[in-house]
Amino acid sequence: MDEGPSTSSEAPYRLLRCESVTERERTMSTRQSVGALRSPTKLPSQLIHMADENDSDGDEPLLSGSGTVNRIVSEDVLTEWQEIVEKWKEDQFSRPSKLSDLIYNGIPDILRGEVWQLLAKVYKEEDLSNTYRMLLDKECPSEPVILRDIHRTFPAHDFFKESNGVGQESLFKISKAYSLYDEEVNYCQGLSFLAAALLLHMPEEQAFCVLVKIMFDYGLRDLFKLGFDALHLRFYQLERLMQDYCHELAEHFAAVSIEPHMFASQWFLTLFTAKFPLQMVFFIVDLFLAEGVNTIFHISLALLQDSKKELLQLDFEGVLKYFRVALPRRYRTESNAKDLIHNAVKLKVLFFFIYI
Amino acid sequence: MSYAYLFKYIIIGDTGVGKSCLLLQFTDKRFQPVHDLTIGVEFGARMITIDGKQIKLQIWDTAGQESFRSITRSYYRGAAGALLVYDITRRDTFNHLTSWLEDARQHSNSNMVIMLIGNKSDLEARREVKKEEGEAFAREHGLVFMETSAKTAANVEEAFIDTAKEIYRKIQEGVFDINNEANGIKLGPQHSPNSPTSPSSGNPLGGGRAGNCC
């Protein structure tokens, strides 16, 4: 395996697929020696497995939590990130200016857990961590529902595969604690996917803190309140944005009777974590934590624009099947996922000039 | 592929009763023990034959958690058939049927055919709801009833197809206005207005209703 930095200026990371546990472990130790970085060691981050990927373009939808994650990063990029993160930790509330540009290319996997916590402003957040521990001792009325959902969350991922294994146990605890923390939203199906994505990068207490911030500070919980009223508003907004930015597709969808609630519930409610390959899920969470809740619109439109050509050829059933099967499969490669992020960022810039 | 009619269905019921597995067994003829939780809605479709006619079924599978009902509700209107599913190994899913039924009746057209399904019939040892109880509930509320197993495929075809037969019968009786898509029924694109509802059973109400081809 070659770990040298990429020669392409556009590809600071190099995608190398690890084929075995031994190789994976070797990669981990090499990388740690390169960066000598503090990572959430002995935690799920290390267990991000190279999920068996069915490379054929079959008819099967991807299971949540599947896909290969690039864990190799060039030394230059890692050093740059490392410097930023160290400085950032000294003054956690002033976000480094260079950060945005770096994030558009994805946070190095080894630093992701820390950077997510810094972005969400919960780095070493003691109060919330204490609350978490306290909540775990309480009775939880939603327990039966949560228990039924745990094994249906990221079933493709080794960490969450085993019944009553560490992954499922952590997922249960976070979901339980959140349902008690947020009396209004309680436990709502969809949250477990987001919690699972976070758990792959940090210990459960920290993952709980980031989840709370995403729901409250980033405003994701507004979607779940009052019978999903705000979600319906988001669907309407997405429809309007499509008319402006994917006009042809909007017309086509109207002609074949496709409406956003038929395909976008998961996008909004789980932050794209429930259907897409892990690498893309992580890129999206990177961007969401850096840019905020409008990221969901930027990604949604970028997804639609990306597949416009294909979608325009399809009828009602074809479109729905495309969203279920082909669209998530499209982002199994890192380059496609990264292109999508770049397109979403372009839309963000465009929106900034138009709507502000 | 061309079809004579298109019927829209919705599958409802508590979380974890096997709605998605029933749909997968019907559309793909397989059981997937490990699968994703349904968020919002999912969709599946299959062609069946009734009375020598090709009928396309388009099926919405919904999230079961109570809070998702505001999303599910928009799918009742425009459904000709509903599969209301409970789990024979969980009494609570049977106890919630009344509330599901109220919701369905309130938001759907009054002719929607509702099939009550007691799923997981393969788990006889863990049964909490007797078959007779399901039958009695169905009788009381005017539903068709069946016990199924999405795992072994027992009665799964029958559940979807018998619902379609009931809808088809209602069309022939002239109960459904097939020109109003809000009823969850659509005439096939290539079917002439002369014969789509001509009653093979000799029902006099069948003919002549299909004025406009869509």
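Residues numbered from 1 in each chain as written. Chains lettered and ligands numbered in written order. Predicted model: local features only at pLDDT ≥ 70, side-chain atom pairs only at ≥ 80, totals over all residues. Heavy atoms only, no water.

Quick note on the threshold: UniProt positions are given in the numbering used here, feature names are shortened, and annotations may be inferred rather than shown by experiment.
As recorded in an unreviewed UniProt entry, chain B goes by the name Ras-related protein Rab-2A, listed as coming from Panagrolaimus superbus. Taken from UniProt, the Sequence similarities (unreviewed entry) comment for chain B reads in full: "Belongs to the small GTPase superfamily. Rab family."

As named in an unreviewed UniProt entry, chain A is Rab-GAP TBC domain-containing protein, taken from Panagrolaimus superbus.

### What to know about the pattern of salt bridges
Note the threshold: Whenever Lys or Arg places a side-chain nitrogen within 4 Å of a carboxyl oxygen from Asp or Glu, that contact is recorded as a salt bridge. Comment: elements are numbered from the N terminus, with helices defined as DSSP H or I runs of at least four residues and strands as E runs of at least two. Exposed residues in this analysis have more than 50% of their type's maximum accessible area, buried residues have under 20%, and partly exposed residues fall in between, with area computed by a 1.4 Å probe over protein chains only.
The full count for this structure, using the stated rule, is 34 salt bridges over all chains. One salt bridge in this structure joins Arg221(A) and Asp182(A), with 2.8 Å as the shortest N-O distance. Of this pair, Arg221(A) sits in helix α12 (residues 221-224) while Asp182(A) sits in the loop between α9 (166-181) and α10 (191-199), and the two are 39 residues apart along the sequence. Each member of the pair, Arg221(A) together with Asp182(A), is buried. Salt-bridge contacts for Asp222(A) lead to Lys225(A); the nearest nitrogen and oxygen are separated by 3.5 Å. Residue class for Asp222(A) comes out partly exposed when judged on its relative accessible area of 37%. Because the salt bridges share partners, they merge into one network encompassing Asp87(B), Arg90(B), Asp92(B) and Lys120(B).

### Quick notes on the confidence of the model for chain A
The cut-off we apply is this: pLDDT: the predictor's confidence for each residue, scored from 0 to 100. Contacts are residue-level and defined by heavy atoms, with any inter-residue pair within 4.5 Å sufficient.
Across chain A, the average pLDDT comes to 83, with 82% of residues at or above 70. For residues 1-56 of chain A, every residue scores under 50 in pLDDT, and the model assigns this stretch 113 contacts once sequence neighbours within four places are set aside.

### What about the packing of helix α13 (residues 229-245) of chain A against helix α17 (residues 295-306) of chain A?
Residue and element names in this part refer to chain A. Applicable threshold: Axes here refer to lines fitted to C-alpha atoms; in helices the fit is confined to the stretch in contact. Angles between the N-to-C directions go from 0 to 180 degrees. Geometric relationships in this document are graded by angle, where less than 35 degrees denotes roughly parallel, more than 145 denotes roughly antiparallel, 65 to 115 denotes roughly perpendicular, and other angles denote oblique. Crossing handedness follows the turn of the near helix against the far one: under a right angle anticlockwise gives a left-handed crossing, and clockwise gives a right-handed one. Under the convention adopted here, Pro, Cys and the residues Ala, Val, Leu, Ile, Met, Phe, Trp and Tyr are nonpolar, Asp, Glu, Lys and Arg are charged, and Gly plus all remaining residues are polar.
Running from N to C, α13 and α17 cross one another at 50°; their axes reach a closest spacing of 11 Å. Classified by the interaxial angle, the pair formed by α13 and α17 is oblique. Judged by the sense of rotation from one axis to the other, the crossing of α13 with α17 is right-handed. Only Phe-297, Ser-300, Leu-301, Leu-304 and Gln-305 of α17 make contact with α13, whose side of the interface consists of Arg-234, Gln-237, Leu-238, Leu-241, Met-242 and Tyr-245. A class-by-class count of the residues in the contact of α13 with α17 yields 7 nonpolar, 3 polar and 1 charged.

### Remarks on empty space enclosed by the protein
Rule in force here: A cavity here means a set of 1 Å grid points, computed over protein atoms only, where a 1.4 Å probe fits but cannot escape. A pocket is an open set with protein on both sides within 12 Å along at least 5 of 7 lines, and lining residues have an atom within 4 Å of a point. Grid points are joined across faces, edges and corners, and a volume is the space filled by probe spheres set on the points.
In this structure the tally under the stated criterion is 4 cavities of 30 Å³ or more. Lining of the largest cavity is provided by 18 residues; of these, Met262(A), Phe263(A), Lys275(A), Val41(B) and Glu42(B) occupy positions nearest its centre. Among the secondary structure elements, those contributing two or more residues to the lining of the largest cavity are α15 (265-270) and α19 (316-330) of chain A together with β2 (41-50) of chain B. Of the residues assigned to the lining of the largest cavity, the class counts are 12 nonpolar, 3 polar and 3 charged.

### Observations regarding the pairing of strand β4 (residues 81-87) of chain B
Residue and element names in this part refer to chain B. Applicable threshold: Here the rule is simple: two strands pair whenever DSSP picks up at least two bridges between them.
When you tally the buried positions in β4, you get 7 out of 7 residues, the bulk of the element. Burial along β4 is two-sided: Gly-81, Leu-83, Val-85 and Asp-87 and Ala-82, Leu-84 and Tyr-86, pointing in opposite directions, are all buried. Pairing of strand β1 (residues 5-12) with β4, which is carried by 4 bridges, proceeds in the parallel orientation. Across the sheet, residue Ile-11 finds its bridge partner in β4, namely Leu-83. Direction of pairing for β4 relative to strand β5 (residues 113-119): parallel, over a ladder of 7 bridges. Note that in β5 the partner of Gly-81 across the bridge is Val-113.

### A word on the packing of aromatic side chains
When we look at a pair of aromatic rings, we describe it by the centre distance and by the angle of the planes. Which entries qualify depends on this criterion: Ring pairs shown here join Phe, Tyr and Trp side chains whose ring centres sit within 6.5 Å, with only the six-membered ring taken for Trp; geometry is labelled stacked below 30 degrees between planes, edge-to-face above 60, and tilted in between. A ring is scored as having a charge over it whenever the NZ atom of a lysine or the CZ atom of an arginine sits within 6 Å of its centre and within 35 degrees of its normal.
Taken as a whole, this structure holds 30 aromatic pairs over all chains when the rule is applied. A ring pair is formed by Trp116(A) and Phe282(A), whose centres lie 6.1 Å apart and whose planes are at 70°; its orientation type is edge-to-face. Of the two residues, Trp116(A) is situated in helix α5 (residues 109-119) and Phe282(A) in helix α16 (residues 278-291); the sequence distance between them amounts to 166 residues. Aromatic pair Phe94(B) and Phe137(B): ring centres 5.9 Å apart, planes at 65°, arrangement edge-to-face. One end of the pair, Phe94(B), is in helix α3 (residues 91-95); the other, Phe137(B), is in helix α5 (residues 131-141), and 43 residues separate them in sequence. The class of Phe137(B) is buried, set by a relative accessible area of 9%. Among the aromatic residues, ring-to-ring pairing joins Phe253(A), Phe263(A), Trp267(A), Phe272(A), Phe276(A), Phe323(A) and Tyr331(A) into one connected group. Here Arg46(B) stacks its cationic end above the ring of Phe26(B), 4.3 Å away from the centre of that ring. For Arg69(B), the ring lying beneath its charged end belongs to Trp100(B), and the centroid distance is 3.8 Å.

### Overview of the nonpolar core
The line we're drawing: Among buried residues, those of type Ala, Val, Leu, Ile, Met, Phe, Trp, Tyr and Cys that are joined through side-chain atoms within 4.5 Å constitute a nonpolar core.
Within the largest apolar cluster, 149 residues are counted, with the highest numbers of intra-cluster contacts made by Trp81(A), Leu119(A), Phe224(A), Phe253(A), Trp267(A), Leu303(A) and Leu304(A). Examining the composition of this core, we find that 11 residues originate from one element, α16(A), more than from any other. Ignoring sequence-local partners within four residues, the contact set of Leu303(A) consists of Trp267(A), Phe272(A), Phe276(A), Met280(A), Leu327(A), Tyr331(A) and Leu340(A). Grouped together as the second largest cluster of nonpolar side chains are 35 residues, Ile59(B), Val113(B), Ala150(B) and Leu187(B) included.

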